[in-house]
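What the coordinates show
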Amino acid sequence: MDLAVAVVAPQALAEDKTPAIIVAARGKTLSDSAAALDAASSGALAAALASAGFDGKPGQTLALYALPGIKAGLVLVVGAGDAAEISLQAWHKLVLAAVKALPGRMGKALSTLAELPVAGRDVNERISDQARFVLEAGYRFDEYKSKKPAAGDLLSKLTLAIADKAGLKAAKDALVWGQCIGTGQSFARDLGNQPGNVAYPGYLAEMARAIGEDGDVKVEVMGEEELRKLGMHCLLSVSAGSQHDAQLVTLNYQGGKAKDAPVVLVGKGITFDTGGISLKPGAGMDEMKFDMCGAASVLGVMAAIKLARLKLNVIGVIACAENMPSGTATRPGDIVKTMSGQTVEILNTDAEGRLVLCDALTYVERFKPAVVVDIATLTGACVVALGKVASGLFSPQDELAEELLAAGQRVDDRAWRLPVWDDYQELLDSPFADIANIGGPTAGSITAACYLARFTKAYSWAHLDIAGTAWLSGAQKGATGRPVPLLLEFLRARAAG
Ligand code: BES
Ligand code: MN
Ligand code: ZN
């Protein structure tokens, strides 16, 4: 969809030729734009709201057609609640609701929602938020559907109105940034939604190569032969049962000064997680195609920062493998050597995410990173603890943890911190090797993070467990593209210094 910003004062709305206009009602109080349209229609707008019993709760919408005195054929009123400041969560919800309620046949629409007071968001942020929420709301994955909606049934353009002419340049920049986030998020969703019989490790490598095509991002792909030479036997133990080779892919974006230490993002890319010989139960196993969403978020971020030309050095690494049972698969009890030299007793082949990540985390030491953030659909226990609202955040460094939490807050892609205290480390003791790959029935997300902590001592590090947040189940099944917004906001703030 085409997005634009334009200066449109509330007084000019009644004469505006855009076929649909979005305005807000804050509880029973009309927004400035809604009030201007109400005046132009001699009170018809307010009367229609009253007779419909519209009370302006966040996300409630009402479509009013052919109001007298107004050129637009449709005025869509969206509820914004009656709080003095709209919370970011309510804001997110109401923009999504407004866009979803717009009939596509209107073709073009104008949103006045940037005039609303949103907690902690200035007008430019309200523009970039809208841009990315609109892309989020309009996202579809119908590649495999025989019947697709006709172009005429889809909205073609949305213009975001601001009142102040002097703010136009900044608002346009904000729009572009919002579009970059939305594009990165959609990219990650597309990859996540691909079925396991398409998105093999080699497919993710191809998608990475596509990001590198025009030269702004350098891409390097390593197959199993090279991984063996590097001593990544732990990563290779995960793909041992699969017909498809593991791949370690590095994407290098140099937007900063050559001497600046890079931010390194490491993504778990299990293209399908059957559990291996420790086979998962059948119910819902299809959702394990989403087990590469960490890698997908890294690719989404790299695609977006390239578009945004962010002034920062960022390296993305994705560790891709398929976890399958077969005669060549790793057995419970097998002992493998990691690239770090530490040995691992694989007590459960379903705890494979940490097995691919630990070698990738050792590998990235060579980049002398400023910080490393890994992103992984790592544990079911994280879904138990935090549900689908917050990603789990783990870091031994308070400052880095705060930075990531704050970034997530600002863009409504929140994380919540859990400890990685050494007190939990003994749960990973093995009688036969340096470490076991599972820690027993308690504190499953923490022991997974503690496992990773043994491989991240050379740099400052954080781990995001996105098992709950990377996709939705049930009627809304599909990848969410989280935590692309959190990561991009984290990087933007770092680039701004
Ligand atoms: N990919 C799963 C984690 C997962 C499970 C994410 C359910 C989202 C929903 C991971 O590889 C896994 O299987 N983890 C095990 C670890 C256990 C064997 C210690 C788990 O969480 O059950
Ligand atoms: Mn698993
Ligand atoms: Zn997994």
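Above this text sits the structure in question.
Here the residue index of a chain counts from 1 through its sequence in written order. Written order determines the labels here, with chains lettered from A and ligands numbered from 1. In keeping with the predicted nature of the model, local features appear solely for residues at pLDDT of at least 70, side-chain atom pairs appear and are counted solely at 80 or more, and the whole-chain, interface and lining totals rest on all residues. Processing note: side-chain calculations cover all non-hydrogen atoms of the structure and skip hydrogens and water entirely.

Focus on the coordination of the zinc ion (ligand 3)
- Note that water is not among the atoms considered, so a metal site may appear incomplete; the donors listed are N, O and S atoms within 2.8 Å of the metal, with 3.2 Å applied to Na, K and Ca. At 2.0 to 2.4 Å from the zinc ion (ligand 3) lie its protein donor atoms, namely Lys268 (NZ), Asp273 (OD), Asp291 (OD) and Glu352 (OE).
- For a four-donor site, all angles between 85 and 135 degrees give tetrahedral; for four or six donors, opposite pairs above 155 degrees with the remaining angles between 65 and 115 give square planar or octahedral; all remaining cases count as irregular. Taken together, the six donor atoms coordinating the zinc ion (ligand 3) and their angles of 79 to 175° define a geometry best described as octahedral.
- Donor residues for the zinc ion (ligand 3) sit on one chain with the sequence pattern K-x4-D-x17-D-x60-E.
- For the pair the zinc ion (ligand 3) and the manganese ion (ligand 2), the metal-to-metal distance amounts to 3.2 Å, and Asp273 bridges them. Of this pair, Asp291 sits in the loop between strand E10 (263–273) and helix H9 (293–308) while Glu352 sits in the loop between strand E13 (343–346) and helix H10 (353–363), placing them 61 residues apart in sequence. Comparing Asp291 with Glu352, the two get one shared label, buried. Numbering goes from the N terminus for both helices and strands, where a helix is a DSSP run of H or I of at least four residues and a strand is a run of E of at least two. Categorising residues by exposure relies on relative accessible area from a 1.4 Å probe, with only protein chains included: less than 20% of the type maximum marks a residue as buried, more than 50% marks it as exposed, and the intermediate range marks it as partly exposed.

Observations regarding the site of ligand 1
- Here, proximity means that at least one heavy atom of the residue falls within 4 Å of the molecule or strand. The local shell around ligand 1 holds 16 residues, among which Lys280, Asp291, Asp350, Glu352 and Gly380 are the closest.
- The term polar contact refers here to a pair of N or O atoms within 3.5 Å; inside protein, the definition further demands a hydrogen-donor-capable atom paired with an acceptor-capable atom, and it admits residues adjacent in sequence only when both atoms are side-chain atoms. Here an oxygen atom of ligand 1 sits 2.9 Å away from a polar atom, N or O, in the side chain of Asp273.
- Between Glu352 and ligand 1, the recorded distance is 2.8 Å, taken from a side-chain N or O atom to an oxygen atom.
- Contact with the protein chains hides 76% of the accessible area of ligand 1, taken as 510 Å² for the molecule alone.
- When each cavity is represented as a set of grid points, ligand 1 is found to reside in the second largest pocket.
- Gly is put with the polar residues, along with every residue not named as nonpolar or charged; the nonpolar set is Ala, Val, Leu, Ile, Met, Phe, Trp, Tyr, Cys and Pro, and the charged set is Asp, Glu, Lys and Arg. Its residues assigned to classes, the shell around ligand 1 shows five nonpolar, four polar and seven charged. Methods summary: accessible areas were calculated by the Shrake-Rupley approach with a probe of 1.4 Å, and residue burial reflects only the protein chains presented. Only protein atoms enter the 1 Å grid used here, on which a cavity is any set of points holding a 1.4 Å probe that cannot leave and a pocket is any open set flanked by protein within 12 Å on both sides along at least five of seven lines; residues with an atom within 4 Å of a point are listed as lining. Each molecule is assigned to a cavity or pocket provided more than half of its atoms lie within 2 Å of the corresponding grid points.

So, the pairing of E13
- As defined by bridge partners, strand E12 (residues 334–337) adjoins E13 across four bridges and the pair is classed as antiparallel. Its bridge partner being in E13, Ile335 is matched across the sheet by Glu345.
- Pairing between strands is defined by DSSP: at least two bridges between the two strands are required. The hairpin turn running from E12 into E13, its antiparallel successor, is five residues long, and Gly341 in that turn takes a positive phi close to 100°.

A word on empty space enclosed by the protein
- Grid points are joined across faces, edges and corners, and a volume is the space filled by probe spheres set on the points. In this structure the tally under the stated criterion is two cavities of 30 Å³ or more.
- Space inside the largest cavity adds up to approximately 70 Å³.
- Along the lines of polarity and charge, the residues of the lining of the largest cavity split into six nonpolar, six polar and one charged.
- One number sums up the size of the second largest cavity: a volume of about 30 Å³.

Quick notes on the coordination of the manganese ion (ligand 2)
- Protein-derived ligands of the manganese ion (ligand 2) are Asp273 (OD), Asp350 (O), Asp350 (OD) and Glu352 (OE), with the metal-ligand distances lying across 2.0 to 2.2 Å.
- Coordination geometry of the manganese ion (ligand 2): the six donor atoms subtend angles of 70 to 168° at the metal centre, consistent with an arrangement described as irregular.
- Mapped onto the polypeptide sequence, the residues donating to the manganese ion (ligand 2) form the spacing pattern D-x76-D-x1-E.

Quick word on the sheet that holds strand E8 (residues 217–222)
- The strand order E8-E9-E11-E10-E14-E18-E15-E16 describes an open sheet built from eight strands, whose pairing is mixed. Each having just a single partner strand, E8 and strand E16 (415–417) make up the two edges of the open sheet. Across the sheet, the mean angle from the axis of one strand to that of its neighbour is 20°, orientation sign disregarded.
- Sheet analysis places strand E15 (residues 391–394) next to E16, joined by three bridges and oriented parallel. Bridge pairing in E16 places Ser391 opposite Ala415.
- In the packing of H9 onto the sheet, contacts are made with E8, strand E9 (247–254), E10, strand E11 (313–323) and strand E14 (371–376), and the angle to E10 comes to roughly 135°.
- Throughout, a contact is declared for two residues whenever any of their heavy atoms are within 4.5 Å. An axis is simply a line fitted to the C-alpha atoms; with a helix, the fit covers only the stretch in contact. Between two such axes, the angle follows the N-to-C directions and lies from 0 to 180 degrees. Along the sheet face, H10 touches E8, E9, E10, E11, E14 and strand E18 (461–465) and points at about 150° away from the line of E10.

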